[in-house]
Amino acid sequence: MIKETSIKELKGIGEKTEKLFAKIGISTVGDMLRYYPRGYDIYEEPVSISDVREGQVVAVNGMIFGRVQVSGNRSLQVTTMHVKDLTGTLKVIWFRMPYLRNTFQKGGAVTLRGKIVRKRNELVMEHPEVFYPPEQYDGKKNTLQPIYGLTAGLSNHAIMKAMHQVLDGMDLTRERLPKELRMRYELAEYNYAVRGIHFPEDKAVFMHARKRLVFEEFLQFILAIRKLKDKNEKLENEYVIPVHPDIDAFIAKLPYKLTNAQKKVWKEIATDMAGEMTMSRLVQGDVGSGKTIVAVLALFNTALSGCQGAMMAPTEVLARQHYASICNMLETYDIPVKAVLLTGSMTAKEKRRAYDRIECGFAKIIIGTHALIQDAVNYDNLALVVTDEQHRFGVKQRESFAQKGGTPHVLVMSATPIPRTLAIILYGELDISVIDELPANRIPIKNCVVDTGYRQTAYQFMKKQIAEGRQCYVICPMVEESENMEAENVTDYSKMLQDEMGADVQVGCLHGKMKQVYKDEIMQQFAENQIQILVSTTVIEVGIDVPNATVMLIENAERFGLAQLHQLRGRVGRGAYQSYCIFMTGSDAKETKKRLDILNHSNDGFKIASEDLKLRGPGDLFGIRQSGLMDFKIGDIYQDAAILQMANEAADWILEEYPEWLKKIPDYERTSSVII
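Residues numbered from 1 in each chain as written. Predicted model: local features only at pLDDT ≥ 70, side-chain atom pairs only at ≥ 80, totals over all residues. Heavy atoms only, no water.

A count of helices and strands for the protein gives 20 helices and 20 strands. Relative to its full complement of 676 residues, the protein shows a buried share of 53%. A sequence separation of at least 24 residues applies to 73% of the contacts in the protein between residues at least 6 apart. About 31,200 Å² of surface is accessible on the protein, with carbon and sulfur atoms providing 49% of the total. (Helix = DSSP H or I, 4+ residues; strand = E, 2+ residues; numbered from the N terminus. Buried < 20%, exposed > 50% of the residue type's maximum accessible area, 1.4 Å probe, protein only. Contact = heavy atoms within 4.5 Å. Areas by Shrake-Rupley, 256 points an atom, 1.4 Å probe, with all protein chains shown as cover.)

The buried fraction of helix α17 (residues 562-569) is high, at 8 of 8 residues. Looking at α17, one finds that the buried residues are Leu-562, Ala-563, Gln-564, Leu-565, His-566, Gln-567, Leu-568 and Arg-569.

Each aromatic ring pair is described using two quantities: the centre-to-centre distance and the angle formed by the ring planes. In the structure shown here, the tally under the stated rule is 11 aromatic pairs. Taking 5.4 Å as the distance between ring centres and 35 degrees as the angle between the ring planes, the aromatic pair formed by Tyr-185 and Phe-215 counts as tilted. Taken together, the residues span a long stretch of sequence, with Tyr-185 in helix α4 (residues 179-185) and Phe-215 in helix α6 (residues 203-233) at a distance of 30 residues. The pair formed by Tyr-185 and Phe-215 is uniform in burial state, with each residue classed as buried. Ring centres of Phe-250 and Tyr-333 lie 5.1 Å apart, and the angle between their planes is 85 degrees; this geometry places the pair in the edge-to-face category. Here the residue Phe-250 occupies a position in helix α7 (residues 245-253), and Tyr-333 occupies one in the loop between α10 (316-332) and β10 (339-342), the gap between them amounting to 83 residues. Residue classification places Phe-250 among the buried residues on the basis of a relative accessible area of 3%. What makes Tyr-333 buried here is its relative accessible area of 16%. Among the aromatic residues, ring-to-ring pairing joins Tyr-43, Phe-131 and Tyr-137 into one connected group. Between Lys-84 and the ring centre of Phe-65, over which it is positioned, the NZ or CZ distance is 5.0 Å. One Lys or Arg, Arg-113, reaches over the ring of Tyr-43 and ends 4.0 Å from the middle of that ring. (Phe/Tyr/Trp six-rings, centres within 6.5 Å; stacked < 30°, edge-to-face > 60°. Lys NZ or Arg CZ within 6 Å of the ring centre and 35° of its normal.)

We now examine the pattern of salt bridges. Pairing between side chains of opposite charge can happen when their charged atoms approach one another. Summed over the entire model, instances satisfying the criterion amount to 16 salt bridges. Residues Arg-118 and Glu-54 are paired through a salt bridge, measuring 3.2 Å at the closest nitrogen-oxygen approach. On the criterion of sequence distance, the pair formed by Arg-118 in strand β5 (residues 109-119) and Glu-54 in the loop between β1 (39-42) and β2 (57-72) is long-range, its members being 64 residues apart. Assessed through its relative accessible area of 42%, Arg-118 is described here as partly exposed. Between Asp-640 and Arg-210 there is a salt bridge, and its shortest N-O distance comes to 2.7 Å. Linking Asp-640 in the loop between α19 (605-615) and α20 (641-657) with Arg-210 in helix α6, this pair joins segments that are 430 residues apart in sequence. (Salt bridge = Lys/Arg side-chain N within 4 Å of Asp/Glu carboxyl O.)

In this section: the state of the cysteines. Scanning the entire structure with this criterion turns up 0 disulfides. As a non-bridged cysteine, Cys-476 has Cys-509 as the owner of its nearest cysteine sulfur, 9.5 Å distant. For Cys-476, a relative accessible area of 4% puts it in the buried group. (Disulfide = S-S within 2.5 Å.)

Before going further, it helps to examine the sheet that holds strand β11 (residues 365-368). In spatial order, the strands read β10-β11-β9-β12-β13-β8-β14; together these 7 strands make up an open sheet with parallel pairing. Two strands bound the open sheet, and with one partner strand each, they are β10 and β14 (431-435). Averaged over all pairs of adjacent strands, the angle between strand axes in this sheet comes to 20 degrees, irrespective of strand direction. Here 4 bridges tie β10 to β11, and the two strands are oriented parallel to one another. (Pairing = 2+ DSSP bridges. Axes fitted to C-alpha atoms, helices over the stretch in contact; angles between N-to-C directions.)

Structure follows, in structure tokens:
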């Protein structure tokens, strides 16, 4: 069995199951190996009944108290039992398992493990795993069971079964990293690491395995970045563009003054574009710091020089918003330049018209989505591409533009607060500018961290804001075992909230399983205030500007990383109204309160990111992943900051001392493709 072997070769995988695996990106056994668990079920020491908390999965030891009862109807029979220890009594329920009534004996000792939920203001353990007699639990104690991302029809057990076959059937002894490198950085062998990440015997094995795989992933990425930087350093500037006199006039007419940070960054961009080498620059700026106007200055300056500038947005709604805003500025300030929009959902006729305007050079500013790099698009003289971190504009895109006639300047915009030390590593091929100052007219967001008992108060506050004409976001984490349940989680919540708010308030929902066209439609309705409350997962993290949105309620805030929470919070506070962010947590742990308190007292994304790094070292075993950034399969730049710096040092060592090792690094020759 080799990594290219189709999973059809595995026992128990027929045509139907193969299609289900394809849905989660697994077609070969190599894909299977790299499909890492998204978490682990840890069988920890049982806790006292008085210590159980809502939302936790825990084990308890106790004596069976009273009779075991079965109620309900044939379609849904509920078995109820009470378990007692020295600290209290816990109600336990199972669904469709009436036979348990004859299994337990009154007064018998039992260990149960399950999720604690609140029903009718009472804490209940729902549908637990049973260890009877309790000694059976000792065999599972302190073990880690992998939990994989799923899709409807595919169980965790099915993935585990297939994974065991792959691990047993492949020769994993061929080491991928040189021995000297592993010894220097105390890295496990690949064979040990890949087995240890999927089926760790204990936490120590998991930590050792994960360190190796994260290191390798970061090393590949950094070597690819270095290779790209080498290419970029050799790119002579084909489009030397000095600052046009009309740009200074445009800046002077703006209804607000640029901050000193914005002026400094604009000067750096202008210097690059007029210099000897092609620009490759990252502009880092906190949410609301005014990155967009700096990008607009670069686009206008390019267009006024007679060249073309393109701006690539992550969604159609955002592309349309940028296009409308730019067209408005061109008209308001009488700038003699034409802009055009290009997105995937446009009709064939609309696209043809856009293609013609781009190719003949009539359109100097082109706004769009990934449609901008399709084969059908031919540019007249594209000199600048503005993109965002989500697209990580890299080798493939740059080459596709180069084939259309030239090598453009590249400007990457990032709102992710990454401490500078890490940004230099992650964006090694780019020069870095930072807008570290907020415009004077920004009203700081008011924050509060509350427990679930505050929910009704929060709903009343939202109703009051909506009555004043404002709008609200509610963010739900993806908490179910199956990622397929994400939609249900958000849909159920929005139905409940619609009942709560009444017919006068329109509640909409947004989740990752929706097709882009529906996501865009919902976002457009929210932007136009047809929807007053938008219930969403983190897909709105990269959203559109809705200045009318003033409230964000984040459910289970403890499940998110601080930097991500800050990004989400940035969806409000974009207009002239006071805005509010309510971080609701189901955890009363001191560590959780300490983390969230940082957000409560600061709106500075870079400060928050630095604090996040301090609080989330390697000891944070199952730390909350930040979503989206770089899209690493296993690494997390916050949780694994130390490993990232280690891999960066290793890249220096390899390139200086042992360049021949590059051939041994897996996929090195193709790694530039990871930067997309």
